[in-house]
Amino acid sequence: MTVTEEPQMEIGRDRRRKEDQRLITGRTRWTDNITLPGMLHLAMVRSPFAHAKIVNINVDEAKAAPNVVTVVTGKDLGEEQGSLPNAWPITPDQVTPPHPPVAIDRATFAGEIVAVVVARSAAEARDAAELVDVDYEELPAALDLKESAEDKVLAHPDLGTNKSALWVFDSADAGTGGNVEEAIAKAREDGIVLEREYRQQRLIPAFMEPRSTVVDPTGEQITMWSATQIPHILRFLLAAVLGVSEAKVRVIAPDVGGGFGGKLQTTPEEFITMVLARRLGKPVKYTETRSESMMAAHHGRDQWQKLTLAAEKDGTVTGFKVELLADLGSHVSLVGGGVPVLGAFMFNAIYKFPAYHFAVQTVLTNKAWTDAYRGAGRPEATFGIERMMTELAAELGVDPLEVREKNWIKHEEFPFTTVAGLEYDSGNYEAATALAKEHFGYDELRAEQKARRESKDPIQLGIGVSTFTEMCGLAPSRVLGSLDYGAGGWEHATVRMLATGKVEVVTGASAHGQGHETAFSQIVADRLGVAFEDVEVLHGDTMVAPKGLDTYGSRSLVVGGEALVRAADKVIEKAKPIAAHLLEASVDDIEFSAGRFGVRGTDQGLAMAEVALATFAAHNLPDGVEPSLDCDATYDPVNFNYPHGTHLCAMEVDTETGAVKMRKYTCVDDIGNVINPLIVAGQVHGGLVQGIAQALWEEAVYDDSGTLVSASFVDYLVPTAADTISFDVDHTTTPSLTNTLGTKGVGEAGTIASTPAVVNAVVDAIRQFGVNDVRMPCTPERVWKAINDGGGGDKTTEAAAPHFDDSGDTAIADGAPE
């Protein structure tokens, strides 16, 4: 008797990404690599002022420059250019200023486009743009978020207010919990009330590939290549806004060099390129410079958080109140107003809060507009609650893990309906935390911390804790509709069995670095029992994949992957009658396993490839059966899914200079069943660095006139590998109950939890000096000032005031060697 070995399963296997070979050998095709015959190039003339009336634009000299085809202004384009859409009006009375791609009579932030030069080369277009003479009348600018919320200076004087929308959730009104004001009042009498205010600084997505757009209007269709996360949504909105038949628009997202939410946008430059290509009847390209990208592509975060937490004296939380101010920038972008609303459902995090109130006031200012940035509302929420839980532990004098465990949802309590009204389907916070503590050496590091404090070591050790969960797989269409979001959340997939036995997979998810081609190949290979190498994944082209809702919100695997599973399962069911006919058996007796159709109780069988070839030939098919195995599936989840994890960070702080150094970082995430551990590790590592960067380095800074002074990598401090350490990453597994694969999202997990873990560690190191917060980023200057403004604690000697270099990166105590 011969024993046949079962083929190795692909799911759960470390597979190097299929995509990497072409990416790292330069055989990829970025949008800026595309060159078409007769192609023209654009350069944008941008306002140097945050707020100014456009008095006059003289384009004569620019038009006369070598090889300039034309120069256009907002007035030239008029209604032809349309107004950029806002897909998520969060309230019926939201104030939404018009958003022409090229400003017509007023510039509303430094970097806004006021004129466009069209020339035969990019260099000539840029040179001619310097010759456009714009006469501005500078106006007062609304720059400070708090002052703008009070309408001290109006970003859009014609609107009469900077307040765009007030969105409120209250657990008492929603019937999901108690009255938070009553909980706070009771805690003031016989419990604990903590009030804190935190700043979420403005960040820049800083993706690797600057945005680029090419439009060819010369064929039967208008074809746009764009470095975008959302080709399908872009196609729809171009057609809707510009009045073009959607059937006549094709959008291609070729290889896209990162996005992090920064390319989840319909941009002025995309609309301008489309309009001018149609007007001129020739292909047109625009590629931004890095400074343009940082100045005019959308930014992220930018909130003030006022938080009030009520608890009993034993640490049991009884109520949580969140009041936010969110800076929209100069316009309400595609989903910008909705980003803080996503956070509304996550401030309660992994905890069993009985009462909860959330309110966000979105505010217009004269800065670049904000929108989604990796995590989109959920990192902000996690930061707020995890800082507050650590503050509660400090108030009680207990370990920060103890107060979290007292309040979190126990694993046996799932599924659990939260105070924000969401149903968490699965989780095990105890297991993730226990494994994280073990990896981290938690007790040993606490002992070292105690010894350093007792010896008054100038280098103090801080230990930061952050737990998290997030709503991801941004999907349930009915839920999104209830929040007035302008689109659904379904995803579409097609699986095609080719005559050779190979498989073509078409997905509406559009990758920009996540590894879709690899992970989706693994899923389909296992499902159909074909070789991993025999699966080809097609995506990112609305002609090849006409249906889809693209990539963002950690949805590709849990929504798009589930659509693939369902399409593959349909292929199997569609093939069974053909296999039964060929094997002269009843369909009821046909079994499918490991890529082979067999007859129950016999050794008869046919491989999937044999059935595919027989279907293609169509010589011997059952009556009424079509000669095709291709199948489609569209999947719309009934719930989000909820990855979670525990992150632990050890930071060393030089109390004499404020310099901080990461000692150790451990994270244990529960993302359900893992398709490819190698890809997951990469996602987590990248997310960790972005979250840590917010805590320690990154900040978009405007001067008093509204000019972005961090518009290059000289001043905007994106970390390199040399700035970080090796992370200790592991995972536990609690399968999701909302999809067949049992998977949960992972793309944003590292970013969500790491920021509060780092800040909690920095504050923990210097809390003995009376410090309970350091505003991000925790630069040496800010840390040193916090220590010396905090009362001095147990310090035996006053540190000499350090002086700081211009970047704020280093601090040198006076008298110390430089």
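Bear in mind the structure is a predicted one, so any value in this text is a computation, not a measurement.

Quick notes on the rules
Residues numbered from 1 in each chain as written. Predicted model: local features only at pLDDT ≥ 70, side-chain atom pairs only at ≥ 80, totals over all residues. Heavy atoms only, no water. Helix = DSSP H or I, 4+ residues; strand = E, 2+ residues; numbered from the N terminus. Rg over C-alpha atoms; globule rule 2.2 N^0.38 Å. Buried < 20%, exposed > 50% of the residue type's maximum accessible area, 1.4 Å probe, protein only. Contact = heavy atoms within 4.5 Å. Areas by Shrake-Rupley, 256 points an atom, 1.4 Å probe, with all protein chains shown as cover. Pairing = 2+ DSSP bridges. Salt bridge = Lys/Arg side-chain N within 4 Å of Asp/Glu carboxyl O. Expected span 1.5 Å × (residues − 1). Domains from an automatic or database assignment. Buried area = accessible area lost by both parts, 1.4 Å probe. Axes fitted to C-alpha atoms, helices over the stretch in contact; angles between N-to-C directions. Parallel < 35°, antiparallel > 145°, perpendicular 65-115°, else oblique. Left-handed = near helix turned anticlockwise from the far one by under 90°. Nonpolar A, V, L, I, M, F, W, Y, C, P; charged D, E, K, R; others polar.

What follows deals with the overall build of the protein chain. Broken down by element type, the protein chain carries 22 helices and 30 strands. Expected size for 818 residues packed as a compact globule is a radius of gyration near 28 Å; at 28 Å, the protein chain falls within 12% of this value. Referenced to the eigenvectors of the C-alpha coordinate spread, the extents of the protein chain come out at roughly 90 × 75 × 55 Å. Counting across all 818 residues of the protein chain, residues that qualify as buried make up 60%. Taking as baseline every contact in the protein chain between residues at least 6 positions apart, the subset at least 24 positions apart corresponds to 78%. For the protein chain, the accessible surface area stands at approximately 30700 Å², while carbon and sulfur atoms represent 50% of it.

As a further point, take the pairing of strand S26 (residues 644–654). The buried count for S26 comes to 11 of 11 residues, which makes it a mostly enclosed element. The two faces of S26 match: His644, Thr646, Leu648, Ala650, Glu652 and Asp654 on one face and Gly645, His647, Cys649, Met651 and Val653 on the other face are all buried. Sheet topology places S26 next to strand S27 (residues 660–670); 10 bridges connect them, and they run antiparallel. For His647, the partnering residue across the bridge sits in S27 and is Cys667. From the end of S26 to the start of S27, which pair antiparallel, there are five residues, and Gly658 there has a positive phi angle of about 85 degrees.

Another aspect to go through is the pattern of salt bridges. By the definition in use, this model includes 56 salt bridges. Residues Asp302 and Lys367 are paired through a salt bridge, measuring 3.7 Å at the closest nitrogen-oxygen approach. You can see Asp302 sitting in strand S13 (residues 300–311) and its partner Lys367 sitting in the loop between strand S15 (356–364) and helix H12 (378–396), a full 65 residues away along the chain. Note on Asp302: relative accessible area 1%, which makes it buried. On the accessibility criterion, Lys367 (6% relative accessible area) is buried. Each of the salt bridges in this network shares a partner with another, and the network as a whole consists of Arg46, Arg211, Glu269, Glu288 and Glu292.

With that settled, the discussion passes to the side chain of His232. Summarising the element assignment, His232 is placed in helix H8 (residues 231–242). Leaving out residues up to four positions away in the same chain, His232 has contacts with Gly508, Thr542, Ala545, Pro546, Lys547, Gly548 and Asp550.

Here helix H18 (residues 556–583) is 28 residues long and its end C-alpha atoms lie 38 Å apart, about the 40 Å a rise of 1.5 Å per residue gives. Immediately beyond the C-terminal end of H18, within one or two residues, lies Glu584, with a positive phi of roughly 55 degrees.

Residue position: Ile230 is located in the loop between strand S10 (222–226) and H8. A relative accessible area of 0% places Ile230 in the buried class. As for Ile230 and Gly540, which are separated by 310 residues in sequence, their C-alpha atoms are 8.4 Å apart. Those residues in contact with Ile230, other than ones at most four positions away along the chain, are Lys263, Leu264, Gln265, Leu334, Asp550 and Tyr552.

The next point concerns the domain arrangement of the protein chain. Domain boundaries assigned for the protein chain yield domain 1 (34–139 + 208–258 + 263–296), domain 2 (166–203 + 298–473 + 639–799) and domain 3 (490–635). Between the C-alpha centres of domain 2 and domain 3 there is a distance of 42 Å. Between domain 2 and domain 3, the residue contacts involve 19 residues of the former and 17 residues of the latter. Carbon and sulfur atoms supply 57% of the area that domain 2 and domain 3 bury against each other, a total of about 1200 Å² over both sides. In this assembly, domain 2 and domain 3 are joined by zero salt bridges.

For any two helices packed against each other, one specifies the crossing angle of their axes together with the interaxial distance. Two numbers describe how H8 lies on helix H9 (residues 268–280): the axes approach to 11 Å, and their chain directions differ by 60 degrees. Here H9 runs oblique to H8, going by the angle between their axes. In this structure, H8 crosses over H9, and the sense of that crossing is right-handed. On the side of H8, the interface is formed by Leu234, Leu237, Leu238, Val241 and Leu242, while H9 contributes Glu270, Phe271, Met274, Val275 and Arg278. Its residues placed into classes, the contact of H8 with H9 shows eight nonpolar, no polar and two charged.

Moving on, we get to the pairing of strand S9 (residues 212–216). Working note: regular strand, side chains alternate between the two faces of the sheet. Burial runs high along S9: five of the five residues are buried. Here S9 pairs with strand S12 (residues 284–287) via four bridges, running antiparallel. The partner of Ser212 across the bridge, within S12, is Thr287. In the sheet, S9 pairs with S10 via four bridges, with the strands oriented antiparallel. Looking at the pairing, Val214 lines up with Trp225 of S10. The hairpin turn running from S9 into S10, its antiparallel successor, is five residues long.

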